[in-house]
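The chain contents come next:
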Amino acid sequence: MKKIKYTITILAAYILASCHKLNVPPLNIISEDQVFSSANGVEAYLANIYTFLPMEDFVYEPNGGFMTGNGGRWQCFYHTDAIDGEMAGPFGGTGDAATGFGFWPYDRIRVINILINDLPKYASLYTPAQVNEWLGEAYFCRAYTYFAIVKRYGGVPIVKTVVDPNASIASLQVPRNTEEDCYKFIGADFDTAYSLMWVPGASGNPSIEQGAASKYAAMAYKSRAMLYAATIAKYGAANYVDGPARAAGLVGIPAGDANTFFQAAYDAAKLVEGQFSLYTGGYPDKEQNYVDLFLKPNNEQIFIRQYSQSDPNLNSDNSGPHSWDATMTCRIMTGDGLSRAYPDYDYVERYGELPIVNADGTPTRFNNLADITNGLEPRLLATVYFPGMTLRGQTFDQQRGIYKTFTGSAAQELSDNLNTPNDVYGQYPDTAAGVNLIFSSSSNNVYAGHNVIGRAGFNPSTGDDNTRTGFYLRKYINYNAPASACGLYQSTQSYIDMRYAEVLLNRAEAAYELGNTADALADINAIRDRAGAVEATNSMTIDTIRNERDKELAFEHQYWWDIRRWRIADQVLDNRKLYGLMPYYISSENKFIFLKQIETFQRTYTFQKIWYYEPLPGGELAKNPNLYPNNPGY
Amino acid sequence: MKNFLIAALVLAAYSCAKTDNYAAPNSTYQGNLIDSVTGKNLLTETGGASLMLKQLSWSGTPDPYYIPTKPDGSFEDTRIYSGQYSVLPTQGAFWPTDSVVTQIGGSTSQNFTVVPYLEITHFTDTLSADSLVMTCQLMAPRQNGLPEILEIWPFVNSTEFVGSGAFITNFTISDPSNGSYNLAAINSNWNATIAATTYRLVVHGLIAGRTYFARLGVRVNDSYRKYNFSPIVEVDVPTK
């Protein structure tokens, strides 16, 4: 009986308890109303979105992704410009990075869509201007993120709403939109951002924080995105890979729509006019001015990412320090780390051939290494460290080797070079016949009173950490920091993702393609004037504009995308070897010469046409068969 | 009782482990790409063409699986799942073809006949001192709609693996000081002049006493820009 009593009591307890619905908010999850009901909450939410914007900054790797985790964020030399032929770098060839890393950030798009969908419910808590500004920034970030996806894959699913994960599988498997529709969507989002955001500094409006988007940033990026669409339409109509995805318009844009997109790019760039300007703070020294453009806050910067030494947790987000200084200069000038990517002579030659060969074919003799820089354009000297220049008290004294004597022409020497024995320092006695050229694997070796390779020279034994081309990168190198502060994870200079020079170049390209040569010429000459270059004339061609773009935006993750959207990558990189400018010392004459030779690793770069689009990630195709057909060739 | 509990626990633990009862990839699939003009194997290079396989018996939208061809135009994969596949020869220097549905199981052999874009004919090679002279003519099995013909490349290597992915740069770059390539540029659509021309390519500076392997390759501006090749010749440069 007692047992029954207990049983009933326990049963009753269970039954009573079962009526309690668990309706207590969980303590470990921040809910929507907690976030959106305070200005701090909304701003923190937005800051998180900015942190994960897919920006190709210092720590971006074309085969490794956006380094939001610890990943390889010290390996700044894994740079897009090391696969496209601007730099001789760590990649074995173009293919190492051409198929991407399976970028598919729909989780980030969902985070942005939540703000766009849900913030208006809380609008009564704020002023309309505040709400619009936040929404504008969210639209900006959505367009920015979509552009990063579309430029890789072509058409992708456009998802504008917050999708319920419990909805039917069929409704979650969104098919791809056409590439053209995706670009129209991106343009529309930038337009919305532009219309919603306030004019910074105008009456009553606060100024925009550094690192946040502005009304005019939206137009600057729109000019970039629309230019991509326009050139893909114009040039992709002739040079493409066929396949079901192309037939369905998922990749490729009809050529007839090119001008609409060119016009949109032009109009967007024009709207930015007067809001930003080319930096001239270091005048009259144009070289120093161009160096400082990348190191000092200025009115050319439209959108930047900042890094902080004080962020103790490198793994949490993108705001920790980067390693640009440590990984772009050789070890003698840095705290630690090593360099592995070097501008090549092909880039330097965009400014014209250097006077290294006389009219009779013999190499020009120079008294000093640094004499090679005489009379060069300030922008070139501010972008690339030439032999003989100095940084942090050290000289770039790179030499390939020493010739005992040098007779004859440069071309003759280069072909003889293959057949005659060379001395790797100390291998032959000094009197050995036939040995005329001395290399060295140690920067300490001295031949006849002269260092064989110099401290920053071509050193085969230290692997990558010495130039392969005769150059080192100067853009973004913080010359003010002492070597001890230039180790790994110690650099904090901001990355400029969008600057006014690019807007002018976008405008010039669009204007020229639309037949407005006068506007294009004025834009190009504004850039050239600041660069200290000779002004362009009316006879310029589209190649003049493209070359100007390559010179101005070099090593800023632009050239890789440019040769892709111009559909010339398969011609530019076609069994291509990269060249260096090799300095040699001639012992018998006490002079220096420079020979144009293939960079010392002699790598070959070939771009396959199918790489104009990356393959859709296999995991996503498995989850969503509606993404088929995959891009052509995959 | 205790034993029973342990037995039950062990059973429970095993109940979730499903055995992988798929057969291992133990089939062999092999064959040749046949050149429709010569009736022999297509002359290509390592990775010069591929067979794209889609296992239809696995999924309606399978990820493609590629078998690269060998330099002699044959292909072989000894570790492939048996099942029904659609097979397409692709990524090579030949006209696009249709895919074929094939049952692969055990040891399956299959040949595919493809129409090359171009055929290198009348191929000759002569060695004079340290220069190798190669001549050839071009023939187009199908002229209508043939993509633009780009150029003829001379490839020289020190092993019999010679082609666009394996050649000694210094013999293919004619002038190291400006980086121009030693090739016969055509850059034109097929015409009577091309058909009538004998192309002559000279590789200078071969080193005495060494053996080289050489061939010519021609390509058109299609999606893959792969090469149609001449046969490989062995060149023994006599010692001086």
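What you see is a predicted model, and the numbers here were worked out from it, not measured in a lab. (Residues numbered from 1 in each chain as written. Chains lettered and ligands numbered in written order. Predicted model: local features only at pLDDT ≥ 70, side-chain atom pairs only at ≥ 80, totals over all residues. Heavy atoms only, no water.)

Participant: Looking at this structure, I do not really get the interface of chain A and chain B. What am I missing?
Facilitator: Contact with chain A, which involves 24 residues of that partner, is made by 25 residues of chain B. Per-residue buried area on chain A facing chain B is highest for N575(A), K609(A) and Y628(A); these three make up 26% of the total on that side. Viewed at the interface, chain B and chain A are joined by 3 salt bridges. With a closest N to O distance of 2.3 Å, R219(B) and D574(A) form a salt bridge. Between the two partners, chain A and chain B, sit 11 residue pairs in polar contact (both at pLDDT 80 or more). Among the residues making up the side of chain A that touches chain B, the classes are represented as 12 nonpolar, 5 polar and 7 charged. (Contact = heavy atoms within 4.5 Å. Buried area = accessible area lost by both parts, 1.4 Å probe. Salt bridge = Lys/Arg side-chain N within 4 Å of Asp/Glu carboxyl O. Polar contact = N/O pair within 3.5 Å; in protein donor to acceptor, adjacent residues only side chain to side chain. Nonpolar A, V, L, I, M, F, W, Y, C, P; charged D, E, K, R; others polar.)

Participant: Just checking my understanding: could you explain the domain arrangement of chain B for this structure?
Facilitator: By convention, interface size is frequently given as the accessible area that disappears when the constituent parts associate. Residue and element names in this part refer to chain B. The domains assigned to chain B are domain 1 (23-115) and domain 2 (119-237). Centre-to-centre, using C-alpha coordinates, domain 1 lies 27 Å away from domain 2. The contact between domain 1 and domain 2 buries some 1,500 Å² in all, and 55% of this surface belongs to carbon and sulfur atoms. Contact with domain 2 buries surface across domain 1, with L43, E45 and W95 losing the most and accounting together for 42% of the total. Counting across the domain 1 and domain 2 interface gives 6 residue pairs in polar contact (both at pLDDT 80 or more). (Domains from an automatic or database assignment.)

Participant: Honestly, the packing of aromatic side chains in this entry has me stumped. Any pointers?
Facilitator: Two aromatic rings are characterised by how far apart their centres lie and by the angle between their planes. All names here are of chain A. Applying the stated criterion across every chain yields a total of 59 aromatic pairs over all chains. Residues F58 and Y307 carry aromatic rings whose centres are separated by 5.8 Å and whose planes lie at 55 degrees to one another, so their mutual orientation is tilted. Separated by 249 residues along the polypeptide, F58 in the loop between α3 (39-51) and β1 (87-88) and Y307 in the loop between β2 (301-305) and α13 (324-328) bring together distant segments of the chain. Here F58 and Y307 have matching classes, each one buried. Between Y403 and Y584, the ring centres sit 5.0 Å apart and the planes meet at 50 degrees, which makes this aromatic pair tilted. With Y403 in strand β7 (residues 401-403) and Y584 in strand β15 (residues 579-586), this pair connects stretches of sequence that are 181 residues apart. Here the two residues Y403 and Y584 agree in accessibility, since each one is buried. An aromatic cluster of at least three residues, connected via ring pairs, comprises F58, Y290, F294, Y307, W324, Y476 and Y495. In this arrangement the basic side chain of R350 is found over the ring face of Y559, its NZ or CZ atom lying 4.6 Å from the centre. (Phe/Tyr/Trp six-rings, centres within 6.5 Å; stacked < 30°, edge-to-face > 60°. Helix = DSSP H or I, 4+ residues; strand = E, 2+ residues; numbered from the N terminus. Buried < 20%, exposed > 50% of the residue type's maximum accessible area, 1.4 Å probe, protein only. Lys NZ or Arg CZ within 6 Å of the ring centre and 35° of its normal.)

Participant: Honestly, the environment of W611(A) in this entry has me stumped. Any pointers?
Facilitator: For W611(A), the position within the fold is in the loop between β17 (604-605) and α22 (618-623). In this structure W611(A) touches T94(A), G95(A), A98(A), T99(A), R564(A), T606(A) and Y634(A), once residues within four positions along its chain are discounted.

Participant: Before we go on, may I ask you to explain helix α9 (residues 215-236) of chain A in this structure?
Facilitator: Each turn of an α-helix holds 3.6 residues, which means side chains three or four residues apart point in the same direction. The terminal C-alpha atoms of α9(A) lie 31 Å apart, and with 22 residues this matches the ideal 32 Å at 1.5 Å per residue to within 8%. Counted residue by residue, α9(A) has 20 buried out of 22 residues, so it is predominantly covered. (Expected span 1.5 Å × (residues − 1).)

Participant: Any chance you could explain unusual backbone geometry here in plain terms?
Facilitator: Leave glycine aside and you will find that most residues have negative phi; peptide bonds, for their part, are mostly trans. P284(A) follows Y283(A) through a cis peptide bond whose omega is 5 degrees. With respect to the helices and strands, the residue P284(A) is situated in the loop between α11 (258-272) and α12 (286-293). With an omega of 0 degrees, the peptide bond running from Y628(A) to P629(A) counts as cis. Structurally, P629(A) can be placed in the segment after α22. Of note, H557(A) is a non-glycine position whose phi angle comes to about 60 degrees, a positive value. Structurally, H557(A) can be placed in the loop between α19 (542-552) and α20 (559-565). Relative accessible area serves as the criterion here: at 3%, H557(A) is assigned to the buried category. Residues other than glycine seldom take positive phi values, yet N187(B) does so here, at roughly 45 degrees. Tracing the sequence through the fold places N187(B) in strand β13 (residues 184-188). Residue N187(B) is classed as partly exposed on the basis of its relative accessible area, which comes to 45%.

Participant: How do you make sense of the packing of α11(A) against helix α17 (residues 500-513) of chain A when you look at a structure like this?
Facilitator: Helix-helix packing: each pair is described by the crossing angle between the helix axes and the interaxial distance. Residues and elements named next belong to chain A. The N-to-C vectors of α11 and α17 enclose an angle of 145 degrees; their axes lie 8 Å apart at closest approach. Both α11 and α17 take part in a crossing whose hand is left-handed. Together, N259, F262, A265, Y266, A269, K270 and V272 of α11 and Y500, V503, R507, A510, A511 and E513 of α17 make up the contact between the two elements. A per-class count over the contact of α11 with α17 returns 9 nonpolar, 1 polar and 3 charged. (Axes fitted to C-alpha atoms, helices over the stretch in contact; angles between N-to-C directions. Left-handed = near helix turned anticlockwise from the far one by under 90°.)

Participant: Would you explain the sheet that holds strand β1 (residues 27-35) of chain B in this entry?
Facilitator: Either a parallel or an antiparallel arrangement is found when strands of a sheet pair, and the pairing is made through backbone hydrogen bonds. Residue and element names in this part refer to chain B. Ordered in space as β4-β1-β7, the 3 strands form an open sheet in which the pairing is mixed. Bordering the open sheet on either side are β4 (74-80) and β7 (107-114), each of which pairs with just one other strand. Here the average twist between neighbouring strands, direction ignored, is 15 degrees. Examined bridge by bridge, β1 and β7 share 8 bridges and lie parallel to one another. Counted as the bridge partner of G31 is Q110 from β7. (Pairing = 2+ DSSP bridges.)

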